Amino acid sequence: MKYKNNMTFTIIFVVLQGKKKEGNAAKYVTRSQAVKDLQVSLPVFRKLCILKGVFPREPKKKVKGNHHSYYHLKDIMFLKHEPLLEKLRDMRTYERKVKKAMSKKNRDLAERLLTRKPTYTLDRLIQERWVLVGFKCFFFFLILACYFNALACADVPQFLELGFRYPKFVDALRDLDDCLSMVHLFAALPAVDRAVDGEKIPVKRVHHCRRLSHEWQAYITRTHKLRKTFVSVKGIYYQAEVEGQKITWLTPHALQQVLPEVDYRVLLTFLEFYETLLGFVNYKLYSSINVKYPPILDPRLEALAADLYALSRYFDASAQGSSLKITSGQQDGENLDESELRLAQLQQQLPSNEPGALMHLVEDAANEDEEDAETRECKNLFKNLKVYLSREVPRESLLFIIPAFGGTVSWEGEGAPFDESDQSITHQVVDRPTQGRKFLSRDYVQPQWIYDCVNARIILPTEKYMVGCVPPPHLSPFVDNEAEGHIPEYAEAIERLKAAERKEVLPLPGMGKEDLDDPHSILGIIDRAEAIEAAERKRKMSNLEKQYHEELKREVKGAVYKAPSSEIEGGEGDTEGDTGPDLDQITKDNASMSKVSMPRRKRKLYEAMEIGKERKQAYVHRLKERKKKIDEAKKSA
């Protein structure tokens, strides 16, 4: 009887518990199951996943069907213990209280609740590390997170300097591509409260994005880290190199933005995280060059929308203050090292009536050893140029690019450092069909000249970029022409200009650079006729040697050698025209034999590679045909 009761209890327990889950059924849950487990709404779950970096997975076997999104169970448990989840629940409860008070027309209670709205920050999400090593380390990291979260509440969000989520600062720089593109996109929106798709874009967010983008551009300009730029239909692409990491971002054109029909709630959630990340990165970068963050700007220049110029003046003032501290510390110190002694000597060489010269000399002496060759090249590209911008050119882009490569720039409007009548201006950027008033002491160029000079790293001739002329094609620096198999004509012209500036000798068409190191190749270049004759003699000798070996083999076998009919009829002249076996056919046969012996998977991959090569060749052929038609049309015109 007792045995039967135990069996009955076991059966009931198994029925209530259900079948034990194993494999994918135990590791993955659907989105509806995750939302039910976390007890949140779908928009809150989506927001939490974006902020924490949790994304759907693709299990090998989808237990609930192919029409579901699956999440890993460990990710859901990770979200379940997130402190931000409690903050989002408190905000949901607060909204219900406000709605209830307003529906009961209790305005006093509603106003009191509006003054006590719960808020949250994302500083801890930037500081945390994704992977916790071992179960024993969990409580240690939990204590550290609580401690540093308390510090973050005390308005010290930069204490960790990206220590947890990004183990190194370089890891944070690798994630800046999408961050900068998103921040620059929202910075270009008009500063007007608007409701799009039921979601309001606050004006404060637009202004904050604009400030963050200008702070980033000011650092790149100050340290001369910009490397490439390209103007396209989508916008302007930039690429900078910060601490060995190449960062590429896209900024929209300064035009009226037409907002497309997308889910702006998702974009605003990403923007919320990216604003915090870029703020941390800017703090770290500004601290590395001894500049206080956040910067304090001139309100007059901010009102005139000259934020980038205001930031450059803030950098100058900060450098001047730091230089004065350095010189005062040198007078008090007794043991001066070599660098401090050099700065003291530079200070003695300065005239008394040039207070700003000390700042530039101190900067050059302090940064001379830290800058690499590429940074020095970019710093001195526009060193002796003084550029003036007309009102119709893209001012913000050129104000960012020209100082980043060592140039001095001004514009038409209030707050400019110098006006159009300055006689020391070397170039004026104009984007109009004609220019009425002209100064003979300067060159009038189109904006494309600035971008092409930056990509070529040389000062290009201005004849093709003059006002009213059709400029040459704007080539992308992000495309490898040799890998694509087609080198544009203007790219070859730029390479010749760069070689002439470096006083290099370029190889002739059909030869490589390695041929210039061979003295025989150089002699062949000098005397092309002798080289052709030597090649003909070498080919004849190889044919005669091959024929001699065949005769020896036949004599060993006892057979009589018979000359070919072409050789009997044509004599010696046809021997010269003997080209031997068809090398192309042999190559095709070997490729087909190796293709037959391949496994099916590798054979499919090889065929896909061949299709890609054929498409690339067809594209190059199409470009050449197009170029040929354009040249013929120009000749006929």
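Now for a quick tour of the structure. Since the model is a prediction, treat every value here as computed from it, not as a measurement. (Residues numbered from 1 in each chain as written. Predicted model: local features only at pLDDT ≥ 70, side-chain atom pairs only at ≥ 80, totals over all residues. Heavy atoms only, no water.)

Here we look at the overall build of the protein
- Each helix and strand counted, the protein has 28 helices and eleven strands in total.
- Of the contacts made within the protein by residues no fewer than 6 positions apart, 60% connect residues no fewer than 24 positions apart.
- Within the structure as shown, the protein displays about 41,900 Å² of accessible surface, and the carbon and sulfur contribution to it stands at 55%. (Helix = DSSP H or I, 4+ residues; strand = E, 2+ residues; numbered from the N terminus. Contact = heavy atoms within 4.5 Å. Areas by Shrake-Rupley, 256 points an atom, 1.4 Å probe, with all protein chains shown as cover.)

Some details on the sheet that holds strand 9 (residues 408–411)
- Taken in spatial order, the four strands make up an open sheet running 9-8-10-11, and their pairing is parallel. Taken across any chain shown, the strands that pair with only one partner, and hence form the sheet edges, are strand 9 and strand 11 (443–445). Strand-to-strand twist in this sheet, taken as the mean axis angle between neighbours without regard to direction, amounts to 25 degrees.
- On top of the sheet, helix 19 (residues 395–404) reaches strand 8 (386–389), strand 9 and strand 10 (427–429); it is set at about 165 degrees to strand 9, its chief contact. (Pairing = 2+ DSSP bridges. Axes fitted to C-alpha atoms, helices over the stretch in contact; angles between N-to-C directions.)

Some remarks on the pairing of strand 7 (residues 245–251)
- In strand 7, alternate side chains face the same way, and those of Gln245, Ile247, Trp249 and Thr251 are buried while those of Lys246, Thr248 and Leu250 on the opposite face are not.
- In terms of strand pairing, strand 6 (residues 236–242) meets strand 7 through seven bridges, oriented antiparallel. The partner of glutamate 241 across the bridge, within strand 7, is lysine 246.
- Once strand 6 ends, the chain turns through two residues before running back antiparallel as strand 7, passing glutamate 243 with a positive phi of about 55 degrees. (Buried < 20%, exposed > 50% of the residue type's maximum accessible area, 1.4 Å probe, protein only.)

Considerations on the packing of helix 11 (residues 176–187) against helix 12 (residues 203–223)
- Where helix 11 meets helix 12, the closest approach of the two axes is 8 Å, and the angle between their N-to-C directions is 125 degrees. If you check the angle between helix 11 and helix 12, you find them oblique. Crossing hand, helix 11 versus helix 12: left-handed. Across from Leu176, Leu180, Val183, His184, Phe186 and Ala187 in helix 11, the residues of helix 12 making contact are Val206, Cys209, Arg210, Leu212, Ser213, Trp216 and Gln217.
- Here the residues of the contact of helix 11 with helix 12 sort into nine nonpolar, three polar and one charged. (Parallel < 35°, antiparallel > 145°, perpendicular 65-115°, else oblique. Left-handed = near helix turned anticlockwise from the far one by under 90°. Nonpolar A, V, L, I, M, F, W, Y, C, P; charged D, E, K, R; others polar.)

This is a description of form; function is not addressed.
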